[in-house]
Amino acid sequence: MANLKQEYIDIKDVKHHVEHLTIPEQENSDREQLVRELFILLTKSTKKLPT
């Protein structure tokens with residue numbers, strides 16, 4: 001496996017720990033669930049709308 005980063009620094013100069021996960025090919029249903037959850041996390045808005 002390649003040498004993957006263990007942490008990264010965002011544009012606000014905040015350091016974040018990185019965890020890399022792999023899923024075996026046989027567990028396709030688990031892979032689909034992971035992709036679904038990842039999509040939801042990456043597309044949800046963290047900003048609160050003014051009321």
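First, a word on scope: everything that follows refers to the structure included in this document. Values in this document were obtained by computation on a predicted structure and should not be read as measured data. (Residues numbered from 1 in each chain as written. Predicted model: local features only at pLDDT ≥ 70, side-chain atom pairs only at ≥ 80, totals over all residues. Heavy atoms only, no water.)

**Quick look at the overall build of the protein chain**
Next up, step 1: Of the regular secondary structure elements, the protein chain holds one helix and two strands.
Next up, step 2: Along the protein chain, helices (α) and strands (β) appear in the sequence β-β-α when read from the amino end.
Next up, step 3: Counting only carbon and sulfur atoms, one obtains 56% of the accessible surface of the protein chain, whose full area is about 5600 Å². (Helix = DSSP H or I, 4+ residues; strand = E, 2+ residues; numbered from the N terminus. Areas by Shrake-Rupley, 256 points an atom, 1.4 Å probe, with all protein chains shown as cover.)

**Side note on the environment of Glu 7**
Next up, step 1: You can see Glu 7 is positioned in strand β1 (residues 7-9).
Next up, step 2: Expressed as a C-alpha distance, the spacing of Glu 7 and Glu 19, which sit 12 residues apart in the sequence, is 8.4 Å.
Next up, step 3: Every residue in contact with Glu 7, bar those within four places of it in the chain, is listed here: Lys 15, His 16, His 17 and Val 18. (Contact = heavy atoms within 4.5 Å.)

**Considerations on the pattern of salt bridges**
Next up, step 1: All chains considered together, the criterion is met by one salt bridge.
Next up, step 2: Residue Glu 7 is joined to Lys 15 by a salt bridge in which the shortest nitrogen-to-oxygen separation is 3.5 Å.
Next up, step 3: Accessibility expressed as a relative area gives 54% for Lys 15, which makes it exposed. (Salt bridge = Lys/Arg side-chain N within 4 Å of Asp/Glu carboxyl O. Buried < 20%, exposed > 50% of the residue type's maximum accessible area, 1.4 Å probe, protein only.)

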